[in-house]
Amino acid sequence: MTTSTVDVQAPEQAPPPAPAPGRRRRFAVHFAHYKWLYLLLLPGVIYFAVFRYAPMYGVSIAFKDYVPFLGVNASPWVGFQHFQDFFSNPDFGRLLGNTLILAFLNLGIAFPLTIVLALLLNEVRLSILKRTVQTLVYIPHFLSWTIVASLSFLLFALDFGPLFLFINSVLGTDIDFLSDPAWFRPLIVLQEIWKNTGWGTIIFLAALATVDQDQYEAAIIDGAGRFRRVWHITLPGIRSTIIVMLILAIGQMLNTGFEQIYLMTNALNRSVADVFDTYVYFVGITQGAYSYSTAVGLFKSLVGIVLIFGTNWLAKRFNQSGLF
Amino acid sequence: MKIHNTTGGRIFDAANYVFLVLIGVLTLLPFIYVFAGSFATEAEITRRAFFVWPEQFSLGSYEYIFSTPAFIRALVTTVLVTAVGTVVQLILTVTMAYPLAKRNLRGRQLILSLVVFAMVFSGGMIPTFLLIKDLGLLNSYWALILPAAINPFSLIIIKNFFQELPAELEESAKMDGATEIGILWRILLPLSKPVLATFALFYAVGIWNDFMSPLLYLSDNSKWTLQMYLRQVTASSDLLGTGNVDPNYIPPEQGIKFAVIVVATLPILIFYPFLQKHFAKGILIGSVKG
Amino acid sequence: MIRRNLSLAAAVVTATALTLTACSGGEAPAADSSKISVMAPFLEAQPPSADGAVQQKLEELTGKDVSITWTPNASYEDKMNITLASSEIPQVMVVQSKSPGFVKNAEAGAFWDLTDKLDEYPNLKTTFPDVEKNASVNGKVYGVFRARNPIRAAVMFRQDWLDKLGLEAPVTTEDLYKVAKAFTEQDPDGNGQNDTWGITIPKWGALGSNSPYDIIEEWYGAGNRWTEKDGKLIPSFETEEFLEANRFVKKMVDEKLINPDFATFDGTKWNEPFFNGKGGIIVDVDSRVSVLINLFKQANPNDFQNKVGFVGNLKGPDGELHAHPTDGYSGFLAVPKTSVRTEAELKNVLEFLNTMNGKEVATLLNNGIEGVNFTVEDGKAATIKPEMAEGKAVTTDIKSYAQLGTNVTGNNFYPVKQASDYEQEVFDKRVEVMAEDLKSAVYNPAAAFVSPTYVAKGAQLDNIVADARIKYLAGQIDEQGLKDAIKLWKTSGGDKVQEEINKLWQDSK
C-alpha cells in the first residue's frame with residue numbers, strides 16, 4: 001500500500017494538520033489516513049451493533065408486564081411499577097446488605113489472593129512443578145457449583161463431615177457451616193476462592209510473562225532480595241493488568257453468582273444468604289415474572305456502569321492507564 | 001542464567017513449593033473422586049462417602065453413555081464447534097482491539113464507551129433469541145459462536161496489552177514500509193502470544209461450557225453439544241424437593257452423572273497444558289531490543 | 001463532534017433494531033392435517049432418535065407424520081416461553097406444571113380452552129374429574145392432563161432392624177415415634193455403637209410439595225394445603241393440628257430421632273443413610289421402596305429380601321386415617337392457539353390426542369413394542385431377556401415417550417413385570433396399600449384455584465412459613481415465633497390470597 005502524502009509518524013503524536021478548516025474535512029482526511037484501521041474495526045463494530053445493541057429494546061420489558069405470548073410490543077405498559085415494588089419490598093434492605101457484604105468480601109479477599117497465588121507460581125523455577133500446579137489449580141473452575149455444593153455438604157456435615165470433625169478437634173466447638181448464619185459468608189468466600197482463584201491467576205500469569213527479564217538481572221546485581229524484586233519490579237510490571245481487573249471486578253460487584261448461593265441456601269441461613277440474584281431467580285421461576293427480573297437486572301447494570309466509569313476515572317486521576 | 005539464592009530465598013522457595021503442592025492436591029482431589037466414581041458401581045458410591053479408588057471397578061456408566069452414537073456425535077460436534085468458534089472469536093476480537101489501541105484514532109473513546117456499556121447492559125434472553133431467529137441462525141452452529149463472539153472484557157484487555165507494547169516497534173516497522181495490517185500480523189501478534197493464548201483458552205472454555213445457547217437455539221437433536229447432556233443428567237435430580245419434577249422421574253445413577261462430568265470436562269481440561277508453552281517469559285521482547 | 005457521532009450511531013442502531021423486529025412474525029402456513037408437531041420435555045440423558053422403532057410405530061398407529069421436538073428438561077419453562085414468543089409454535093405442547101408463567105400466557109389467550117370439548121372424545125373423557133378440576137385454571141381446562149399416581153405417601157423402614165428389635169410395623173404416628181426411638185437408642189444394627197437414628201429428612205423447601213413435613217401434618221388432621229373450617233377455607237398452617245404436628249416432629253428432633261442436619265441434608269443422597277445402616281426410616285413416595293430394594297440387590301444379590309419394609313399412611317392421634325394424596329397429575333398437553341387456528345384444526349389435534357390415549361398407543365408409549373422389547377405374561381409386560389440391541393433401544397426410548405402419555409381414563413397399558421418374584425410381591429403390595437389409602441385421601445379443596453395475589457407473590461409468602469417451620473424445628477425460634485411468622489404471612493398479603501381463594505371457591509360451588 002502506498003503511504004499517504006502526509007509524513008509517517010509514530011502513533012503517539014497528534015494527527016496531521018488538515019489543509020481545510022471544516023471539522024468534517026478534517027475527519028475525512030483522518031479517516032483516509034487511517035482507513036485500514038477503520039476497516040479492521042468494522043467487523044467488530046457490526047458485531048456490537050447487531051448482537052449487542054439491536055436486542056437492547058428488550059430493556060423495555062422492565063417497564064412492562066411482559067407476557068411471552070403477547071410479545072414485547074403488545075405487553076401492557078406498567079412504567080416504574082416493578083422498580084417501585086422492588087425498592088419498597090421489605091426485604092430490599094436485607095438483600096442489598098447481603099449482596100454488598102458478599103461483594104466486598106470477595107473483592108477484599110479473593111481478588112488479592114489471586115494475585116498472590118500468581119506471584120507465588122511465578123517464583124517457582126522448577127518448570128515441571130510450576131506447570132503441573134498451574135494446570136491443577138484451575139481444575140475446580142470446571143466443576144459445576146452443584147459438585148462444589150455436594151462436596152461442601154460432605155465435608156462440613158454436622159457430626160460426620162471430615163472437615164467438621166477436624167475443626168472441632170482444633171477449636172473444641174461445633175461449627176455448623178452449613179446452617180449457621182454466622183458462618184455462611186466465610187463458607188461462600190472459601191468456596192469461591194477454591195473454585196476460581198486458580199482460574200483467575202491465568203490472566204496474571206500471562207501478564208507476568210511479559211515483564212522484562214533484564215530488569216530482574218539488573219536488580220539482582222544490585223543486591224535486591226526476593227521480596228524487593230517482587231515489590232519493585234514484578235508488581236509494577238503488572239500494575240495496569242491489576243488495575244483493569246480491579247475495575248472490572250468492581251463493575252461486576254453486584255453479580256454475586258446465583259447458582260452457588262442458591263445451592264447453599266436453606267431455611268436456617270436465608271436471612272444472610274438471600275441476595276439479589278437468588279431473589280430474582282426465585283421470583284422469576286415461581287412467578288414467571290420476566291419483567292421483574294429484567295427490572296432488577298437493569299438496576300444492577302446501572303449500578304455496575306456507574307461503578308465502572310467511576311473507578312476508571314479514579315484510576316486516571318492517579319495517572320494509571322485505566323480501562324479506556 | 002543462574003540466580004544466586006540467599007538463605008532467606010531458599011527457605012522461601014521451600015515453603016512455596018510445599019504450599020503449592022498442597023494447593024495442587026486440594027484442587028485435584030475432588031476431581032479424582034468424580035473420576036473414580038465414574039468407574040464405580042452405584043452401590044459403592046452410595047456406601048462410601050468419599051474415595052479415590054473404587055473397590056469394585058465397573059465400566060457400566062461409560063457403557064451406558066457411549067451406547068448410543070448420539071453421545072459420541074455430541075462429543076465430536078462440541079470439539080469442532082469449539083475449535084472453529086475460538087478461532088473466529090479470537091480473530092474478531094484482535095482485529096477490533098488493535099485499532100482501538102491507537103490513542104489518536106478518532107471515535108475511539110466513543111466506541112470504547114459503547115463497548116463497556118455493552119459489557120453491563122444486555123437486551124435479555126428473549127430479544128436475543130428473536131434476533132437469532134430473524135437472522136436465520138436458529139438451529140445453526142453459528143448461533144453458538146456469534147452472539148458471544150467478542151467478549152468486551154477480553155477486547156479491553158487485549159487492547160490494553162497492545163497499548164503497552166513499545167511504540168518503537170511500530171515506528172521501526174513503519175520506517176521499513178510496513179502496512180498497518182502487516183505490523184499487526186508480523187510484529188505484534190507474535191509478541192502477544194501469552195495474551196492470545198490466554199484468550200484462546202477463555203473463549204474455548206466459554207464455548208465448551210455454554211449450555212444455555214445450545215439449549216435455546218438448537219432444536220435438532222442430532223446437533224447437540226456435550227454440555228446439554230451434562231446439564232440434563234446432573235441438573236434434573238437437583239430439582240427434587242421443589243415439587244417441580246414429574247413424580248415418575250427416577251434420577252440417573254450417580255455413576256452416570258460422574259461419567260458424564262468426566263467426558264464433558266476432561267477434553268477442555270487438557271487444553272491448557274498445550275497452551276502453556278506460549279506463556280514463556282518475554283523471550284521475544286528481548287530480541288527486539290537488540 | 002462526539003454528540004453527532006453518538007446520534008449517528010444511535011440512528012444506525014435503532015434502524016437496525018427496527019428492521020429486525022419488523023421482520024419477525026411471519027405468516028404461518030395453513031395446517032396440513034396429516035402432520036402434527038409436538039414439543040415435549042425429556043428427562044433422560046438422551047432423547048429418542050427421530051427414526052427409531054417407537055417413532056415409526058407411533059406414526060403408523062396414529063396415521064400422522066408426528067414431529068416431536070424433544071427439549072431437555074433443564075430450563076423447559078424458559079424454552080416454553082421462548083417458543084411462545086417466537087412464531088414457531090408446535091401444535092401440541094407439554095406443559096409441565098400450572099406455573100404462574102403458564103397461567104399468564106394462558107389467560108392472555110395463548111392456549112385453547114378445552115373445557116367441555118374433551119368429553120366428546122371417548123379416550124379424553126376422563127374418569128378422574130376431580131383431577132381434571134385440580135389441573136384447571138379456575139375451572140378452565142387448558143389441556144389434557146397427564147395422570148399420575150393419585151397417592152404415593154409411604155413409610156419405609158429397615159425391616160431387619162424391626163425384626164431384630166422385635167417390633168411391629170407402625171400403624172399410627174405414635175407408633176412411628178416408638179419405632180424411631182427404638183432405632184435410635186437400641187442399637188438395631190448390633191454394632192455396639194450409638195450411631196443410628198430413626199427418620200432421615202433432607203433439605204426440603206416449599207409448602208405443599210409433598211415433603212415429609214406436609215405428610216405428617218396431614219396425618220395429624222391439618223388438611224392438605226387448605227382446609228375447610230366454619231364454612232371457609234383456611235390455610236392448613238393456621239390450624240391447631242398444624243402446630244401439634246410440628247410439636248411432634250420437634251420432639252423427635254430434640255430427642256435426636258431425626259438426623260440433626262435435616263435443614264441442609266442433600267436430597268440426592270437420601271438413600272444413603274438407609275442403605276448404610278444409619279437412618280432406619282424414610283417417609284416419602286412408595287416408589288422409593290423399590291429403589292432401595294434395588295440398591296440392596298445390587299450390593300448382595302443373594303440376601304436382599306428382608307431389608308426393606310413399608311406401610312402406607314399412618315393414623316393420626318385422633319385415631320383417623322388422613323391419607324396424603326398427590327395432585328394426581330403432572331402438567332398437561334396444551335394446544336396453542338397460534339399454531340392451531342381454527343376449530344377444524346383443533347378437532348384434528350384432539351382426534352390425534354384421542355388416539356394417543358387409546359390402548360394401542362398407550363401400550364406403545366409405556367410398554368414398548370410387543371415382541372421386540374417385551375412380551376405379555378400374566379397380563380403384565382415382561383422385558384425380553386436377554387436384551388437385544390433393538391429391544392434396548394425401544395426400552396430406552398419409551399422412557400421419554402411416556403412423557404406424552406396422558407392416561408386420563410386410567411392406565412390403558414400393561415403394568416410392568418418386576419425382575420423377581422419377591423420384587424413383584426412388593427410391587428403388588430404397594431399398589432394394594434395405595435389403593436386402600438386412596439379411600440381415605442384428604443384433598444386440597446383449593447387446588448383448582450389460581451389467585452392473582454398468589455401469582456404475584458405467593459411463593460415468597462409461603463417461604464415465610466416454610467422457613468419458620470424449619471427454624472422452629474431447629475430451635476432457632478419458639479412456637480410463638482412460628483405463630484408470629486404465620487401472622488406475618490397474613491399481613492404481608494396472605495389475607496388477600498385467602499380472600500381471593502375463598503371467593504373463587506364460593507363461585508365454583
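Parameters at a glance
Residues numbered from 1 in each chain as written. Chains lettered and ligands numbered in written order. Predicted model: local features only at pLDDT ≥ 70, side-chain atom pairs only at ≥ 80, totals over all residues. Contact = placed C-beta atoms within 7 Å. Helix = DSSP H or I, 4+ residues; strand = E, 2+ residues; numbered from the N terminus. Nonpolar A, V, L, I, M, F, W, Y, C, P; charged D, E, K, R; others polar. Buried ≥ 20, exposed ≤ 12 C-beta atoms within 10 Å, placed from the backbone. Pairing = 2+ DSSP bridges. Axes fitted to C-alpha atoms, helices over the stretch in contact; angles between N-to-C directions. Domains from an automatic or database assignment. pLDDT = per-residue confidence, 0-100. Parallel < 35°, antiparallel > 145°, perpendicular 65-115°, else oblique. Left-handed = near helix turned anticlockwise from the far one by under 90°. Expected span 1.5 Å × (residues − 1). Bend = angle between axes of the 7 residues up to and from the residue. Core = buried A, V, L, I, M, F, W, Y, C linked by C-beta atoms within 7 Å.

Tallying the contact residues gives 76 residues for chain B and 79 residues for chain A. In terms of residue count, helix α1 (residues 7-37) of chain B provides more of the side of chain B that touches chain A than any other element does, 13 residues in total. Within the side of chain B that touches chain A, the residues separate by chemical class into 47 nonpolar, 19 polar and ten charged.

Below, the discussion takes up the environment of B:Thr41. All names here are of chain B. Position of Thr-41 relative to the elements: it lies in the loop between α1 and α2 (42-47). Judged by the 20 C-beta atoms lying within 10 Å of it, Thr-41 is buried. C-alpha separation for the pair Thr-41 and Ile-256, spaced 215 residues apart in sequence, amounts to 9.6 Å.

Picture the strands of a sheet paired through backbone hydrogen bonds; they go either parallel or antiparallel. Residues and elements named next belong to chain C. Strand order in this open sheet of four strands is β6-β9-β5-β10, and the pairing throughout is mixed. Only two strands of the sheet have a single neighbouring strand rather than two, namely β6 (197-199) and β10 (308-311). Across the sheet, the mean angle from the axis of one strand to that of its neighbour is 20 degrees, orientation sign disregarded. Here five bridges tie strand β5 (residues 153-158) to strand β9 (residues 279-285), and the two strands are oriented antiparallel to one another. Bridged to Met-156 within β9 is Ile-282. Across the sheet, helix α11 (residues 287-299) is in contact with β5, β9 and β10; its angle to β10 comes to roughly 170 degrees.

Residues and elements named next belong to chain A. Annotation of chain A at the domain level lists domain 1 (34-74) and domain 2 (89-317). Placing a centre on the C-alpha atoms of domain 1 and another on those of domain 2 gives a separation of 31 Å. Taken together, the contact pairs six residues of domain 1 with five residues of domain 2. In terms of residue class, the side of domain 1 that touches domain 2 is made up of four nonpolar, no polar and two charged.

On to the interface of chain A and chain C. Counting from both sides, the interface comprises 27 residues of chain A and, opposite them, 33 residues of chain C. Elements with a contribution of two residues or more to the side of chain A that touches chain C: α2 (35-53), α7 (145-156) and α15 (276-287) of chain A. Here the side of chain A that touches chain C gets four residues from one element, more than from any other, and that element is α15(A). When grouped by side-chain class, the residues that make up the side of chain A that touches chain C number 17 nonpolar, seven polar and three charged.

Next up on the list: the domain arrangement of chain C. Residues and elements named next belong to chain C. Taken domain by domain, chain C consists of domain 1 (35-148 + 328-417) and domain 2 (153-324 + 442-508). Each of domain 1 and domain 2 has a C-alpha centre, and these two points are 32 Å apart. The interface is formed by nine residues belonging to domain 1 together with eight residues belonging to domain 2. Partitioned by chemical class, the residues of the side of domain 1 that touches domain 2 number three nonpolar, four polar and two charged.

Another aspect to go through is the confidence of the model for chain C. All names here are of chain C. With 94% of its residues at a pLDDT of at least 70, chain C reaches an overall mean of 87. Across chain C, helix α9 (residues 240-254) holds the top mean pLDDT of 95, while helix α1 (residues 2-23) sits lowest at 45. Segment residues 1-28 is flagged for pLDDT under 50; beyond a separation of four residues in sequence, or across chains, it makes 27 contacts in the model. Scoring the predicted complex yields pTM 0.82 and, for the interface, ipTM 0.84.

For the rest of this paragraph, the subject is the confidence of the model for chain A. A low pLDDT score tells you not to read the predicted coordinates there in detail. Scored by pLDDT, chain A comes out at a mean of 83, with 92% of its residues at no less than 70. Note on residues 1-14 of chain A: pLDDT under 50 across the span, and 16 contacts to partners over four residues away in sequence or across chains.

Residue and element names in this part refer to chain A. Close contact between helix α12 (residues 239-251) and helix α16 (residues 290-317) brings their axes to 8 Å; oriented N to C, the two are set at 155 degrees. Taken together, the axes of α12 and α16 are roughly antiparallel relative to one another. Note on packing geometry: the crossing formed by α12 with α16 is right-handed. In contact with Ile-243, Ile-247, Ile-250 and Gly-251 of α12, α16 contributes Gly-304, Leu-307, Ile-308, Thr-311, Asn-312 and Ala-315. Looking at side-chain class alone, the contact of α12 with α16 contains six nonpolar, four polar and no charged residues.

Take the environment of C:Glu425 next. Take C:Glu425: it is sitting in helix α15 (residues 421-438). Through-space distance from the C-alpha of C:Glu425 to that of C:Tyr414 is 17 Å; in sequence the pair is eleven residues apart.

The next point concerns helix α5 (residues 92-123) of chain A. Residues and elements named next belong to chain A. Taking 1.5 Å as the rise per residue, α5 with 32 residues should run 46 Å; its terminal C-alpha atoms sit 46 Å apart, in good agreement. Of all the bends found along α5, the most pronounced is centred on Asn-106 and spans about 25 degrees. Buried within α5 are the following residues: Asn-98, Thr-99, Leu-102, Asn-106, Thr-114, Leu-117, Ala-118, Leu-120, Leu-121 and Asn-122.

Residue and element names in this part refer to chain C. The element β5 is extensively covered by neighbouring structure, given that six of its six residues are classed as buried. Of the pairings in the sheet, the one linking β5 to β10 comprises four bridges and is antiparallel in character. For Val-155, the partnering residue across the bridge sits in β10 and is Val-311.

Further remarks concern the packing of α12(A) against helix α8 (residues 152-164) of chain B. Interhelical geometry of α12(A) versus α8(B) gives an angle of 160 degrees and a closest axis separation of 11 Å. The angle between the axes of α12(A) and α8(B) places the two elements in the roughly antiparallel class. Between α12(A) and α8(B) the crossing geometry is right-handed. Seen from α12(A), the contacting residues are A:Ser240, A:Val244 and A:Leu248; seen from α8(B), they are B:Phe153, B:Ile156, B:Ile157, B:Asn160 and B:Glu164. Broken down by class, the residue content of the contact of α12(A) with α8(B) amounts to five nonpolar, two polar and one charged.

All right, on to α1(B) then. In this model α1(B) runs 45 Å from its N-terminal to its C-terminal C-alpha over 31 residues, within 8% of the 45 Å that 1.5 Å per residue would give. At B:Leu29, α1(B) shows its maximal bend, which comes to roughly 30 degrees, and the proline B:Pro30 appears one to four places after that position. If you check which residues of α1(B) are buried, you get B:Leu20, B:Thr27, B:Pro30, B:Phe31, B:Tyr33, B:Val34, B:Ala36 and B:Gly37. Where α1(B) is buried, its residues contact α5, α6 (127-137), α7 and α9 (181-208) of chain A together with α2 and α14 (254-269) of chain B.

Residue and element names in this part refer to chain C. One open sheet accounts for five strands, arranged β2-β1-β3-β11-β4; its pairing is mixed. Two strands in the sheet have a free side with no partner beyond their single neighbour: β2 (65-72) and β4 (143-147). Along the sheet, successive strands turn relative to each other by an average axial angle of 20 degrees, direction set aside. Examined bridge by bridge, strand β3 (residues 92-95) and strand β11 (residues 329-334) share three bridges and lie antiparallel to one another. The residue bridging Met-93 from the neighbouring strand is Ala-334, located in β11.

B:Ala97, B:Ile158, B:Val260 and C:Phe332 are the most contacted members of the largest nonpolar core, which totals 206 residues. Beyond its immediate chain neighbours, meaning those up to four positions away, C:Phe332 contacts C:Val95, C:Ala135, C:Tyr142, C:Gly143, C:Val144, C:Phe145 and C:Arg146. Counting 79 residues, the second-largest nonpolar core is a separate cluster that includes C:Trp226, C:Val249, C:Val308 and C:Ala446.

As a further point, take unusual backbone geometry. Residues and elements named next belong to chain C. A cis amide bond links Lys-385 with the next residue in sequence, Pro-386, at an omega value of 0 degrees. Assignment of secondary structure puts Pro-386 in the loop between β13 (380-383) and α14 (389-401). Its identity as a non-glycine residue notwithstanding, Arg-225 has a phi of 75 degrees, on the positive side. With respect to the element layout, Arg-225 can be found in the loop between α8 (212-219) and β7 (226-229). Although it is not a glycine, Asp-230 adopts a positive phi angle of roughly 55 degrees. By the element assignment, Asp-230 lies in the loop between β7 and β8 (232-235).

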